[in-house]
Amino acid sequence: MYRLLIVDDEPVIANGLVQLLQDRQEFELDICKAYSADEALEVAQRTKLDILVSDIRMPKKNGLQLIDEIAYYWPSCRMIFLTGYSEFNYVYEAIRKNVDNYILKSEGVEPIFEAVRGAIVKLEEEHRNRLQQEKAQLHLRIVESLLKKELLESVLRGEELPALLREERYADLDFAIALDRPSFILIGHADQQEGITMKRLEAAGSIFGKLLPPSIGCEYTLYDGHLIVWFLQPNAELVDRLRDEADAAENGHRVVAYLRGVLERVQNECEEILDVSMSFGISGNMMNRWDQAREQVEMIRSLIRRRVQLGQRMVIVDYERTTDQSSIQIKLAGIQQDAFKKGLLDQIHRYIEEHLAGDLSLTAIAEEVHLNPSYLSRYYKQISGHNLIDYIKSFKLESAIAMMSDPHLKLNEIALRVGFDSPSYFATFFKKMTGKSPQEYRNLQ
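This write-up is about the structure you can find in this document. (Residues numbered from 1 in each chain as written. Predicted model: local features only at pLDDT ≥ 70, side-chain atom pairs only at ≥ 80, totals over all residues. Heavy atoms only, no water.)

### Description of helix α15 (residues 373-384)
Note that an α-helix has 3.6 residues per turn; residues three or four places apart therefore point the same way.
And then number 1: Over its 12 residues, α15 runs 16 Å from end to end, which matches the ideal 16 Å to within 8%, given 1.5 Å per residue.
And then number 2: Of all the residues in α15, the buried ones are Pro 373, Ser 374, Tyr 375, Leu 376, Tyr 379, Tyr 380 and Ile 383.
And then number 3: One side-chain oxygen of the residue at the start of α15 lies 2.8 Å from the amide nitrogen of Ser 374, identifying that residue as Asn 372.
And then number 4: One or two positions beyond α15, positive phi appears at Gly 385, with a value near 90°. (Helix = DSSP H or I, 4+ residues; strand = E, 2+ residues; numbered from the N terminus. Expected span 1.5 Å × (residues − 1). Buried < 20%, exposed > 50% of the residue type's maximum accessible area, 1.4 Å probe, protein only. Polar contact = N/O pair within 3.5 Å; in protein donor to acceptor, adjacent residues only side chain to side chain.)

Shown next, in the form of structure tokens:
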């Protein structure tokens, strides 16, 4: 499944395109929307993007500036521009930036469908080429420095990295992790242990290495026979781009959210190339906390193992969020698989209820329950018998109908409360679900 982001400062256009693309059965897309370049960047910082459909003329930051930012985070994202103006300067700059398509809004929706179809073809071609390259290189062993392996394993056994790096034996080691900057420990775990050889683990590590953006430095080792452990460090530019000036405590989570987007791609490719499902766990920011490395690694490891025992796959555990209700349930030694599944469904449904007016994308829900977004969609259907997107739509409809019984609530207020910032988009959704407009339905109550 590819993820498409629609950006337009006119909500009626953005919402209309979302609906039109969702109604096209040929496209299997997870569709997001944004009403400004800044809002689009927030989406790009927390989830991978495959296709961008953006208005070129927007206040503050235009589409040409936006695609430079999007390309930084997701270099393989295909870019499509929409505009009401056929101005030469815009066309020339779009061509220079290697944009896939430049479409006038007056041309209608068919050229947009064609452009999206073409973008998907290019993505699939790139994907096939990458898979071929991966398969051709699987026979190559990953060469590791024995000294680095020894150093990393010492940290994982409880020794402190700052003290180790002061030892003479490591004095000349070209080590990619600086102690005075944010850094994270990532654990990779093969969900099915039977038949997992060292070579297949190394292959999974190779996939991660190729998909890891150059803005993140890396050292890694195979540990304890069946784990891959990476020490990761975002460079100064990435940290600066992701910085939240208003909330410094949020900065580490923003880096982790970006890493989750990378891990989603790694998990999907490990499944396709190696037929191996991988789970991952990400530590908190280790800067000035290297004495906690062993404790965090062991907790993450335990949480992943327990969730896999309870029948889950493609888990992504975020250490800083392990005090939530989901993690408390996982740590209960006596919990059974059926009870766990019910608890997970309850948690997903509770999140939807509490965030009805907010972000209910697969990415947001997956982050809440520590799962890969693509896997979450499959797993939800497996344990509930219906699609997650269908459940969200039904719950929005039920909630809207319930609110209509309050005569003091206007329809546009109800639309906002159930996550529709455009009354016309809400009306279209409601009529499609019930056969009646919101006002017609209310009049019958």
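### A closer look at the nonpolar core
And then number 1: If you look at the biggest cluster of nonpolar residues, it comprises 88 residues, and the most contacted ones within it are Ile 51, Val 116 and Phe 426.
And then number 2: Once residues within four sequence positions are removed from consideration, Ile 51 is found in contact with Arg 3, Leu 4, Leu 5, Leu 29, Cys 77, Arg 78, Ile 80, Val 116, Ala 119, Ile 120 and Leu 123.
And then number 3: Residues Leu 52, Ile 70, Leu 131 and Ile 196 belong to the second largest nonpolar core, which totals 57 residues. (Core = buried A, V, L, I, M, F, W, Y, C linked by side-chain atoms within 4.5 Å. Contact = heavy atoms within 4.5 Å.)

### Let's talk about the sheet that holds strand β8 (residues 227-234)
And then number 1: Overall, mixed pairing links the five strands, which are arranged β7-β8-β6-β9-β10 in an open sheet. Edge strands, defined here as strands with exactly one partner in the open sheet, are β7 (216-223) and β10 (316-318). Between one strand and the next, the sheet's axes are offset by a mean angle of 20°, whatever the strand orientation.
And then number 2: Here helix α6 (residues 146-156) sits on the sheet in contact with β7 and β8, set at roughly 80° to β7. (Pairing = 2+ DSSP bridges. Axes fitted to C-alpha atoms, helices over the stretch in contact; angles between N-to-C directions.)

### Some words on the sheet that holds strand β5 (residues 101-104)
And then number 1: Taken in spatial order, the five strands of this open sheet run β2-β1-β3-β4-β5, and their pairing is parallel. Of all the strands in the sheet, just β2 (29-34) and β5 have a single pairing partner and so form its edges. Taken pair by pair, the neighbouring strands of this sheet meet at an average axis angle of 20°, ignoring direction.
And then number 2: Note: strand β1 (residues 2-7) against β2, six bridges, orientation parallel.

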